[in-house]
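Chain by chain, the residues:
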Amino acid sequence: KTEAGAVKVGLASAYEVEAAVVEITRSVHAFAPNVKVENFLIEKMVDKPVAELLVGIRRDEAFGLTMVIGSGGTLVELVADAATLLLPVTMESISEAIDTLKVSKLLDGFRGAAKADRVALINVIMALARFAEDNSDTLVELDVNPLMVMPDGVCAVDVLLRIGAKKNNR
């Protein structure tokens, strides 16, 4: 989306949204002429988060469902900061995995900044794990990136969900 110029943030008026629609349509056409832009997703801008994380769940043929928790947003491409867990997980194992991440310093209120809502973060990650387990026979991939962690909650900004043919539980 970013490379195609298909994302605009900080729009403050209807006029700015209309102008962005025109600009995105042109930009996407220049990037991928065969893609027809028909729909737009407009969301409320989220306040600056304490940190951005990613949570990914995939099916590994040898191990079953695996979860990766790490630095998200644009940092995912810059920083090797991730922990891998095998499902099923517990709230404690999620908390311990988060504590191993470099980004955990931000979550703890680095240099006097606001602290993240770790309870909400762990609850959301646990809910994603339960969803994956409940759908383990068809889940191929679930990625949330970024998962914005705020002082008072979390917000999933972008989600990829791939469902496949029914498989044996593992």
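Refer to the structure printed above.
J.: Help me out: how do you make sense of the nonpolar core in this one?
T.: General note: in soluble globular proteins, nonpolar side chains tend to be found buried as a group. Ile57, Met67, Ile69 and Ile94 are the most contacted members of the largest nonpolar core, which totals 31 residues. Of all the secondary structure elements, the ones that give two or more residues to this core are strand E1 (51-60), strand E2 (64-71), strand E3 (82-86), helix H2 (91-99), helix H4 (118-134) and strand E4 (139-150). Take this core: its biggest share by element is 7 residues, from H4. The residues contacting Ile94, other than those within four sequence positions of it, are Ile69, Leu85, Val89, Ile122, Ile125 and Met126.

J.: Quick question: what am I supposed to make of the layout of surface pockets here?
T.: Unoccupied space between atoms shows up once a probe the size of one water molecule is rolled over them. One number sums up the size of the largest pocket: a volume of about 1,800 Å³. Surrounding the largest pocket, 50 residues form its lining, Lys1, Val7, Val9, Val157 and Asp158 being those nearest its centre. Of all the secondary-structure elements, those providing two or more residues to the lining of the largest pocket are helix H1 (14-31), E1, E4, strand E5 (153-156) and strand E6 (159-163).

J.: Would you mind going over the environment of Gly109 with me for this structure?
T.: Structurally, Gly109 can be placed in the loop between helix H3 (104-107) and H4. Along the sequence, Gly109 and Pro151 sit 42 residues apart, while their C-alpha atoms lie 9.4 Å from each other. If near-sequence neighbours (up to four positions away) are discounted, Gly109 is found in contact with Ala114 and Lys115.

J.: Help me out: how do you make sense of H4 in this one?
T.: The periodicity of an α-helix, 3.6 residues per turn, causes residues three or four positions apart to be oriented the same way. Taking 1.5 Å of rise per residue, 17 residues should cover 24 Å, and H4 covers 24 Å from first to last C-alpha, within 8% of that figure. Among all positions of H4, only Arg118, Ala120, Leu121, Ile122, Ile125, Met126, Leu128, Ala129 and Ala132 are buried.

Calculation notes
Residue positions are counted from 1 within each chain, in the order its sequence is given. Thresholds applied to this predicted model are a pLDDT of at least 70 for local features of residues and 80 or more for the giving and counting of side-chain atom pairs; totals over whole chains, interfaces and linings are not thresholded and use all residues. Side-chain metrics rest on all non-hydrogen atoms present in the structure, leaving aside hydrogens and water. Only buried residues count toward a nonpolar core, which is a set of Ala, Val, Leu, Ile, Met, Phe, Trp, Tyr and Cys residues joined through side-chain atoms within 4.5 Å. Burial classes: relative accessible area under 20% of the type maximum marks a residue as buried, over 50% as exposed, and values in between as partly exposed (1.4 Å probe, protein chains only). The secondary structure listing takes helices from DSSP runs of H or I that are at least 4 residues long and strands from runs of E that are at least 2 residues long, numbered from the N terminus. The contact criterion used is simple: two residues touch if any of their non-hydrogen atoms lie within 4.5 Å. Every definition here rests on a 1 Å grid over the protein atoms only: cavities are sets of points where a 1.4 Å probe fits but cannot get out, pockets are open sets enclosed by protein on both sides within 12 Å along at least five of seven lines, and lining residues have some atom within 4 Å of a point. Grid points are joined across faces, edges and corners, and a volume is the space filled by probe spheres set on the points. By definition here, a helix of n residues has an expected span of 1.5 Å times n minus one.

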